[in-house]
Amino acid sequence: MKTHLSAGIAGALLLFGSGAAIASPDSALLGKWRTQQRNGVVEIHRCGKALCGRVLDGDPLRANPDQRDIRNSDTALRGRKVMGLRILSGFTGGPTEWKGGPLYDPNTGDGATSGSLTLENPSTLKVKGCIAVFLCRTQTWTRAPR
């Protein structure tokens, strides 16, 4: 009986894999990414079943950690802190391309309703935000040192 039980557990692990051994397609994006401008750092993390990103660092934040979202077109949001601000939301897909949105750039106050995150290689991420089908902007982010 004990041998059959052990063989059954081993078979189940081989068939379904163990949670620790199987990496989610999203895990390639998780972590800190250096943005193209102002030495910014964004952390991509899980938020529910999707991926999101929040501001962790940048030259303006080192100069003023209490920096506010003053360029936001919505005057009611201009008082929120940039540190920790969610700038990417709702991205799903993988293993090399995720789609979602909205996206937001606190440096310019520009927002995009949709976009994509494309993993070029383990250290390079293309971040594309679009306000319409053909009106898009793309930045290249690089993996930040751990």
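All figures in this text were calculated on a predicted structure; none of them were measured in a lab. (Residues numbered from 1 in each chain as written. Predicted model: local features only at pLDDT ≥ 70, side-chain atom pairs only at ≥ 80, totals over all residues. Heavy atoms only, no water.)

Chemist: Can you help me understand the packing of aromatic side chains in this one?
Modeler: We describe a pair of aromatic rings using the distance from one ring centre to the other and the angle between the two ring planes. Across all of its chains, the model carries zero aromatic pairs by this definition. Lying across the ring of Y104, R80 places its NZ or CZ 5.4 Å from the centre. (Phe/Tyr/Trp six-rings, centres within 6.5 Å; stacked < 30°, edge-to-face > 60°. Lys NZ or Arg CZ within 6 Å of the ring centre and 35° of its normal.)

Chemist: What is the right way to read the layout of surface pockets from this model?
Modeler: Gaps left between atoms are located by rolling a probe of water-molecule size over the structure's atoms. Looking at the largest pocket, its volume works out to about 550 Å³. Contributing elements (two or more residues each) for the lining of the largest pocket: strand 2 (41–47), strand 3 (50–57), helix 2 (59–63), strand 4 (86–93), strand 6 (103–105), strand 7 (110–112), strand 9 (124–132) and strand 10 (135–143). By residue number, the principal contributor to the lining of the largest pocket is strand 10, which donates six residues. For the lining of the largest pocket, the class distribution of residues is 18 nonpolar, ten polar and seven charged. (1 Å grid on protein atoms, 1.4 Å probe; cavity = no way out; pocket = protein on both sides within 12 Å on 5 of 7 lines; lining within 4 Å. Points joined across faces, edges and corners; volume = space filled by probe spheres on them. Helix = DSSP H or I, 4+ residues; strand = E, 2+ residues; numbered from the N terminus. Nonpolar A, V, L, I, M, F, W, Y, C, P; charged D, E, K, R; others polar.)

Chemist: Please clarify how the pattern of salt bridges should be interpreted in this entry.
Modeler: Think of it this way: side chains of opposite charge can pair up when their charged atoms draw near. Summed over all chains, the structure comprises nine salt bridges. Ionic pairing is found between R54 and E43, a salt bridge with its closest N-O pair at 2.7 Å. Remark: E43 occurs in strand 2 and R54 occurs in strand 3; sequence separation between them is eleven residues. In this structure, the salt-bridge partner of R62 is D59, at a minimum N-O distance of 2.4 Å. In this pair, R62 and D59 are both assigned in helix 2, three residues apart and thus about one turn of the helix distant. (Salt bridge = Lys/Arg side-chain N within 4 Å of Asp/Glu carboxyl O.)

Chemist: How should the nonpolar core be read in this particular structure?
Modeler: Nonpolar side chains in soluble globular proteins tend to be buried together. Judged by nonpolar contacts, the single largest core of 21 residues is most densely connected at L29, I87, L88, L117, L125 and W141. Mapped by element, the contributors of at least two residues to this core are strand 2, strand 3, strand 4, strand 6, strand 8 (114–121) and strand 9. Element by element, the count of residues in this core is highest for strand 4, at three residues. In this view, L117 contacts L29, L88, F91, T96, E97, W98, L125, K126 and V127; residues no more than four positions away in its chain are not counted. (Core = buried A, V, L, I, M, F, W, Y, C linked by side-chain atoms within 4.5 Å. Buried < 20%, exposed > 50% of the residue type's maximum accessible area, 1.4 Å probe, protein only. Contact = heavy atoms within 4.5 Å.)

Chemist: When you look at the environment of P60 in this model, what are you seeing that I'm missing?
Modeler: Structurally, P60 is set in helix 2. Measuring from C-alpha to C-alpha, the distance between P60 and N39 comes to 8.9 Å, with 21 residues separating the pair along the chain. Leave out the neighbours within four places in its chain, and P60 touches R38 and Q67.

Chemist: Hey, could you run me through the side chain of N72 in this one?
Modeler: Of note, N72 is situated in the loop between helix 2 and strand 4. Taking the relative accessible area as the measure of exposure, N72 reaches 5% and is therefore buried. At a separation of 2.8 Å, a polar atom in the side chain of N72 contacts the side chain of D69. At 3.3 Å, the side chain of N72 and the side chain of Y104 are in polar contact. With sequence-adjacent residues up to four places away left out, N72 is seen in contact with L77, R78, R80, Y104 and G109. (Polar contact = N/O pair within 3.5 Å; in protein donor to acceptor, adjacent residues only side chain to side chain.)

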